[in-house]
Amino acid sequence: MNSKTQKSSIAGPAGALEIALDLPAGVSRGIAVIAHPHPLFGGTLDNKVVQTLARAFVQTGWTAVRFNFRGVGGSAGSHDEGRGELEDLLAVVQHAAPAGQGQAALALAGFSFGAFVTTHAFARLQAGRPIEKLVLVGTSVSRAPAAPIDSAAHNRTLVVHGEQDDTVLLADVMDWARPQALPVTVVPGVGHFFHGQLPLLKNLVTCHLASPTD
């Protein structure tokens, strides 16, 4: 993302997991773990939407941690249709923001397939520790069901979707969100990858991150 991005690898469930770390200026507000889009369609930690999310978190004082799912880039293993990828995400959380006494504040974010995996990570983690912020962009809900978001966390959750997304139809996202009464921010005229509107996406995310959690 920039010359100061720190790349390394950690031990994951299927072998090494490649991670990229970006630090904010000053004291970090917490750790934000960001998941990339579908590995079988070119998704990596360097995806432009993922980098935009990382920039938004860093700008608002968070340490941003991106990572490559198994089988992508320097990460070992092979694609597992979301099951193993969930374990990958949880391993990154445990490494970057381990639970326990003095645990760092934690935020989760994802784009497309990464947002789908992030919903399940949120569902797994929320009972045991607070998730301060949740950001879901272009959330994949049709290939496999995204997990519902606990109503108590709706004020900490930002769901953004492009009106003209032809990869994940807005109607499908609304069908997922409607039973939960989960708000969805729709960007008019925008497709799945937010071409030409990444600055707007960054602004929406930074505004959400700057808002009070309660």
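Report on the accompanying structure. (Residues numbered from 1 in each chain as written. Predicted model: local features only at pLDDT ≥ 70, side-chain atom pairs only at ≥ 80, totals over all residues. Heavy atoms only, no water.)

Bringing the pattern of salt bridges into the picture now. A complete count under the given rule lists nine salt bridges for this structure. For K7, the salt bridge goes to D46, with nearest N and O atoms at 3.6 Å. Here K7 is found in strand β1 (residues 6–12), whereas its partner D46 is found in the loop between β3 (31–35) and α1 (48–59), with 39 residues between them in sequence. Residue classification places K7 among the partly exposed positions, given a relative accessible area of 48%. Judged by relative accessible area, which is 37%, D46 ranks as partly exposed. Across the pair R178 and D175 runs a salt bridge, and its minimum N-O distance is 2.8 Å. Of the residues examined, R178 reaches a relative accessible area of 54% and is grouped as exposed. (Salt bridge = Lys/Arg side-chain N within 4 Å of Asp/Glu carboxyl O. Helix = DSSP H or I, 4+ residues; strand = E, 2+ residues; numbered from the N terminus. Buried < 20%, exposed > 50% of the residue type's maximum accessible area, 1.4 Å probe, protein only.)

Here we come to the packing of helix α2 (residues 83–96) against helix α3 (residues 113–125). The interhelical angle for the contact between α2 and α3, taken along N-to-C directions, is 65°, at an axis separation of 9 Å. The hand of the α2/α3 crossing is right-handed. Between α2 and α3, the contacting residues are E85, L86, E87, L89, L90 and V93 on the first element and F113, V117, T118, H120, A121, R124 and L125 on the second. For the contact of α2 with α3, the per-class residue count stands at eight nonpolar, two polar and three charged. (Axes fitted to C-alpha atoms, helices over the stretch in contact; angles between N-to-C directions. Left-handed = near helix turned anticlockwise from the far one by under 90°. Contact = heavy atoms within 4.5 Å. Nonpolar A, V, L, I, M, F, W, Y, C, P; charged D, E, K, R; others polar.)

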